[in-house]
Amino acid sequence: MEREDAVGKSGPAGPVSVSSDSVSGPGGFDRWGEMVGKAVMPVTTASEHADHFRGEATTLELAHTEASAFSFSPMSAWRTPDHIRRSDPENYYLCLVHGSPIALEQRRNNVLLTAGEMAIVDTSQPLFCDFQDHGRPTRVSLLRLPRAAVPLPGDRTDGLVATRLPAQAGSGVLLASFLTGLRVNAGQFDTTELRRLGAMALELAATFLAARLDLSPPLPVESRQQVLLARIDAFITHNLSDPELSPATIAAHHHISVRLLHALFEEEPETVGATIRRRRLERTRADLADPRLRHRTIGEIALRWGFRHPADFSRTFRRAYGISPSDFRHTA
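Here the structure is a predicted model, which means the values were calculated and not measured.

**So, the side chain of Asp-158**
Turning to step 1, where the next piece is worked out: The topology assignment puts Asp-158 in helix α3 (residues 154–158).
Turning to step 2, where the next piece is worked out: Here Asp-158 falls in the buried class, since its relative accessible area comes to 9%.
Turning to step 3, where the next piece is worked out: Of note is the side chain of Asp-158, whose polar atom sits 3.3 Å from the side chain of Arg-147.
Turning to step 4, where the next piece is worked out: Each residue touching Asp-158, except ones within four places of it in the same chain, is listed here: Tyr-92, Arg-107, Asp-122 and Arg-147.

Structural data, given as structure tokens:
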């Protein structure tokens, strides 16, 4: 993973990179506060764990946005009117909680979020965050939403801050899955993918927030297609182990024709079939290199990722990587 500065920024000209940073031990808490101030927004912080604070952050620089994953010791943070006067990036941040509960207070709203729940906060309003101590680190994903890029009435959207947003139904499921996928696979995307993922992230978030406001976001046809592609992308990822996964099953699940599915992929780097095959091969390759899975046969690993016939899998693997699965496993 590319290592950059603590902010994780490569500049506005080419926001298509992955960066990471970590702090620990004495002085780590002060460095963490500085990093958060630059990467997200200036805040005042406090923690009972300041002397042995630990924190890790990974940022994906996308097109017109960033997706960040944070893991850190329990702490509290305040954003005051003075902070806002000195620096207001005019962003919303969509938060997805993975670890210990997070309490948010903003615009007279307050909410306690547990793992799997989402909310948004606004950099233009005073804010209090309490990342609670439940014996494990706080883990949270953040998606930056520039106010100018959210095609919804600002006063209506402001009313959603520090309220629980449903992540167990409708577009909330898709958005939570998308953010989790970015977190887990941060180092596996190439430049072209990161650019597309940025557009998808903003469109998914706008669709999700519009549903909370009973509005239809004014997305052009191209944007609606990107949202559909994101749904298909998530469906493929979650069903790679199903040997029946195919263009026909994908089209049926999304209530479109196979012809339309192939048309959606005409502007993509590869066909839908090639996408399925590549991702299955990537998963099997990772498993074959994992010493914890040495007890599993190559056939079992292939079947785990949807390859029903060992001979076909072996030929496909050799064609992709120039080496047989058994030789790769031996040398990995």
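On we go from here.
**A short note on the pattern of salt bridges**
Turning to step 1, where the next piece is worked out: In the structure shown here, the tally under the stated rule is 13 salt bridges.
Turning to step 2, where the next piece is worked out: Across the pair Arg-278 and Glu-270 runs a salt bridge, and its minimum N-O distance is 2.7 Å.
Turning to step 3, where the next piece is worked out: Residue class for Glu-270 comes out partly exposed when judged on its relative accessible area of 23%.
Turning to step 4, where the next piece is worked out: Between Arg-304 and Asp-287 there is a salt bridge whose closest N-O contact spans 2.6 Å. Separated by 17 residues along the polypeptide, Arg-304 in helix α10 (residues 298–304) and Asp-287 in helix α9 (residues 272–288) bring together distant segments of the chain.
Turning to step 5, where the next piece is worked out: According to the relative accessible area criterion, Arg-304 is partly exposed, its value standing at 34%.

**Examining the pairing of strand β9 (residues 118–122)**
Turning to step 1, where the next piece is worked out: The buried fraction of β9 is high, at five of five residues.
Turning to step 2, where the next piece is worked out: Of the two faces of β9, both are covered, the one formed by Met-118, Ile-120 and Asp-122 as well as the one formed by Ala-119 and Val-121.

**Focus: the nonpolar core**
Turning to step 1, where the next piece is worked out: Among the nonpolar cores identified, the biggest contains 60 residues, and Leu-94, Met-118, Leu-145, Ile-232 and Ile-250 are the most heavily contacted of them.
Turning to step 2, where the next piece is worked out: Once you skip the residues sitting within four places of it in the chain, Leu-145 turns out to touch Asn-91, Tyr-92, Leu-94, Val-150, Leu-202, Ala-205 and Leu-209.
Turning to step 3, where the next piece is worked out: Counting 29 residues, the second largest nonpolar core, distinct from the first, contains Ala-77, Val-97, Leu-113 and Cys-129.

**Section: unusual backbone geometry**
Turning to step 1, where the next piece is worked out: In the Ramachandran plot, Glu-90 falls in the positive-phi region, its phi being about 55° despite a non-glycine side chain.
Turning to step 2, where the next piece is worked out: Mapped onto the secondary structure, Glu-90 falls in the loop between α2 (81–86) and β6 (91–97).
Turning to step 3, where the next piece is worked out: Positive phi, normally seen in glycine, also occurs at Ala-162, with a value near 55°.
Turning to step 4, where the next piece is worked out: By the secondary structure assignment, Ala-162 is in the loop between α3 and α4 (170–184).

Conventions we followed
- Residues numbered from 1 in each chain as written.
- Predicted model: local features only at pLDDT ≥ 70, side-chain atom pairs only at ≥ 80, totals over all residues.
- Heavy atoms only, no water.
- Helix = DSSP H or I, 4+ residues; strand = E, 2+ residues; numbered from the N terminus.
- Buried < 20%, exposed > 50% of the residue type's maximum accessible area, 1.4 Å probe, protein only.
- Polar contact = N/O pair within 3.5 Å; in protein donor to acceptor, adjacent residues only side chain to side chain.
- Contact = heavy atoms within 4.5 Å.
- Salt bridge = Lys/Arg side-chain N within 4 Å of Asp/Glu carboxyl O.
- Core = buried A, V, L, I, M, F, W, Y, C linked by side-chain atoms within 4.5 Å.

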